[in-house]
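Spelled out, the chains give:
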Amino acid sequence: AEAGKAQEKDKGAAVAEKERQKATAEELVTTEADKAGSLAKEQKAQEGGSGVGAPAEEAGTNAGQAAVAGPEKGVQGINVLPLASLKKSENGIPRSSEKLTVPADSFDQRLFRIFVSHRWLQPKKPHPDANGHPKYQLILKCIEDMQKRGWVPSDDDKIVLWIDYACINQDAKDPAAELNDNMLRIVGMCDMVLTPVVDEEWESWAAHLERDQIEKDVAGTYGAKQWQDYWKRAWCLLEMFFAAHVPFTPQLVLPLIGGEVLNFVTEKKARPHVLYGTRESEKNEIAFFLVPLRDEKLEEKDPGNGELFSENDRQKIKYHVKELRISTMVRQSKTDEAVATFGAFDVANVLDKLAEVHKEQCQFQQQLERVQEALEVRRKDPKSSDNAVAGTLMTMGLVYERLGRFDIALQTHEEALEMQKKIHGHDHVDVAKTYNNMGSVLLNQGDYKKALEYFQKSLEIKIKALGHDHVDV
């Protein structure tokens, strides 16, 4: 009888906890998030060409110049690895040359995205895994365990991963260079960071430690050599800081998560970073959740001072640390101070990237604020090109349209158009793109005759500049 009562009590507690999680999730999914989701669907339809009107277009960029187009890349140019494809790989973690990845913007539904942050086990070969693919097995087992527990989607088709070895062109002259412009966007699009830790000697340090002892200080207590080395590596430190600092929107991921992941997201309001090692695999335990690295830790654990396999990457690391510092100052409303410290060019570019992250997370008001800041920074900077200012205006027009503020969107596009005509002349492709975007706004306003006029102007310029057979025509 006593056992039966205890069992009923446990069941009641479990039901209560599930109801608490559900209530917390419902509280987080605000009206604002619903609007953002609706806008995201409209945006996806329009940009994919399946909605009403032509797809929105961005300005072109010139090599060596500020991001003229502004923050309208989203996840374009970023590849991800579907979980189903990873499971089918015969060589463990697949190399980019195996072409198992797909563009991140090729899906018509919101997927759960996992960023795999890890230390390569064979850097001289080079290969991220060891013989027998133990890291590959850890990644799969961790995700499978989270699926069984309801933490992440149980459907493999709803999970994709970003793994450097698979998603960055390993045959490029300098693979790390691909991260220079994309690191902030890559981490920003992901919902979780996973660090697999291969540790065949786990019993030597873990035999006398209970799980709750490790949980009190995972970073300092987890004794695996690969984990200790991870904390020394510049790229690994950088990824941890980006995971903690890049904007994250809990509302977008709530429908895809549950259990401990949901608890972490609702409590911390942060992107979860989990550690899963050989110890957890052998003991059939869940992954450990890491405490997000906050601003003050950046001085103590500066990735710029971390270890590297190639010193050629040192400047790249320092550049990304600068991005982190700028993004922190922007978050603290210290943009002017950031400009004084780091210069207008770098601050404006970071604002562009932050705006891209907000766009990807359907935070269009926050995207607008970052674009407005970028425009102000560029307008105040005497070294900033008119082309960069025009591109930022063009982006701002797109954001206003996304927010349904059509009158000001049209005015902003008109301002961009006048600048582009002065810079390039009347027959430039950027002029055509702005005409197209103005047509889209007019279409949304129901002014079909005027919209058609602008679409025709756009088409005529593109035919003249690109030829009849170009894909944009």
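Residues numbered from 1 in each chain as written. Predicted model: local features only at pLDDT ≥ 70, side-chain atom pairs only at ≥ 80, totals over all residues. Heavy atoms only, no water.

S.K.: Outline the environment of Ala-355, supporting the account with residue identities and numerical values.
M.R.: Among the structural elements, Ala-355 can be located in helix 18 (residues 344-360). Each C-alpha atom of the pair Ala-355 and Glu-373 lies 10.0 Å from the other, and the pair is 18 residues apart in sequence. (Helix = DSSP H or I, 4+ residues; strand = E, 2+ residues; numbered from the N terminus.)

S.K.: Give me the lowdown on the confidence of the model for the protein, citing residues and values where you can.
M.R.: In the predicted model, the protein carries a mean pLDDT of 85, and the fraction of residues at 70 or more is 84%. Per-residue pLDDT stays below 50 along residues 60-74; that stretch engages in 52 contacts with residues further than four places along the chain or on separate chains. (pLDDT = per-residue confidence, 0-100. Contact = heavy atoms within 4.5 Å.)

S.K.: Tell me about the sheet that holds strand 1 (residues 79-82), residues and numbers included.
M.R.: If you walk across this open sheet you meet the seven strands as 2-1-4-3-5-6-7, and the pairing is mixed. Each end of this open sheet is capped by a strand with a single partner; those strands are strand 2 (102-103) and strand 7 (288-289). Two elements, strand 6 (residues 273-277) and strand 7, share two bridges in a ladder whose sense is antiparallel. Note on strand 7: the bridge partner recorded for Val-274 is Phe-289. Against the sheet, helix 4 (residues 134-148) makes contact with strand 3 (112-116), strand 4 (159-162), strand 5 (192-197) and strand 6, and its axis sits at roughly 130 degrees relative to strand 5, the strand it touches most. (Pairing = 2+ DSSP bridges. Axes fitted to C-alpha atoms, helices over the stretch in contact; angles between N-to-C directions.)

S.K.: Any chance you could break down the pattern of salt bridges for me, citing the residues and the numbers?
M.R.: Should their charged atoms come close, side chains of opposite charge can pair. With the rule as written, the count across this model stands at 29 salt bridges. Lys-232 is the salt-bridge partner of Asp-229, the closest N and O atoms lying 4.0 Å from each other. Exposure remark for Lys-232: the relative accessible area of 43% places this residue in the partly exposed category. Note that Asp-313 is salt-bridged to Lys-316, the shortest N-O span being 3.5 Å. Taken individually, Asp-313 and Lys-316 each receive the classification buried, so the pair is uniform in this respect. One connected set of salt bridges, linked through shared partners, spans Arg-211, Glu-215, Arg-279, Glu-280 and Glu-285. (Salt bridge = Lys/Arg side-chain N within 4 Å of Asp/Glu carboxyl O. Buried < 20%, exposed > 50% of the residue type's maximum accessible area, 1.4 Å probe, protein only.)

S.K.: Go over the nonpolar core, please, and point to the residues and values.
M.R.: Residues Phe-112, Ile-143, Leu-161, Trp-162, Tyr-222 and Trp-227 are the most contacted members of the largest nonpolar core, which totals 100 residues. Of all the elements, helix 11 (residues 234-245) adds the most residues to this core, at nine residues. Setting aside chain neighbours within four positions, we find Phe-112 in contact with Val-152, Pro-153, Lys-158, Ile-159, Val-160, Asp-191, Met-192, Val-253, Leu-256 and Ile-257. One finds Ala-355, Leu-368, Leu-375 and Met-396 within the second-largest nonpolar core, a separate group that totals 27 residues. (Core = buried A, V, L, I, M, F, W, Y, C linked by side-chain atoms within 4.5 Å.)

S.K.: How would you sum up the environment of Lys-383? Please name residues and give values.
M.R.: For Lys-383, the location among the structural elements is in the loop between helix 19 (364-380) and helix 20 (386-402). Through-space distance from the C-alpha of Lys-383 to that of Ala-344 is 8.7 Å; in sequence the pair is 39 residues apart.

S.K.: Tell me what's going on with unusual backbone geometry, and back it up with residues and numbers.
M.R.: Positive phi values are uncommon outside glycine, yet Lys-99 reaches one of about 55 degrees. Along the chain, the position of Lys-99 falls in the loop between helix 3 (83-88) and strand 2. Positive phi values are uncommon outside glycine, yet Ser-333 reaches one of about 60 degrees. Relative to the helices and strands, Ser-333 resides in the loop between helix 16 (314-331) and helix 17 (335-342).

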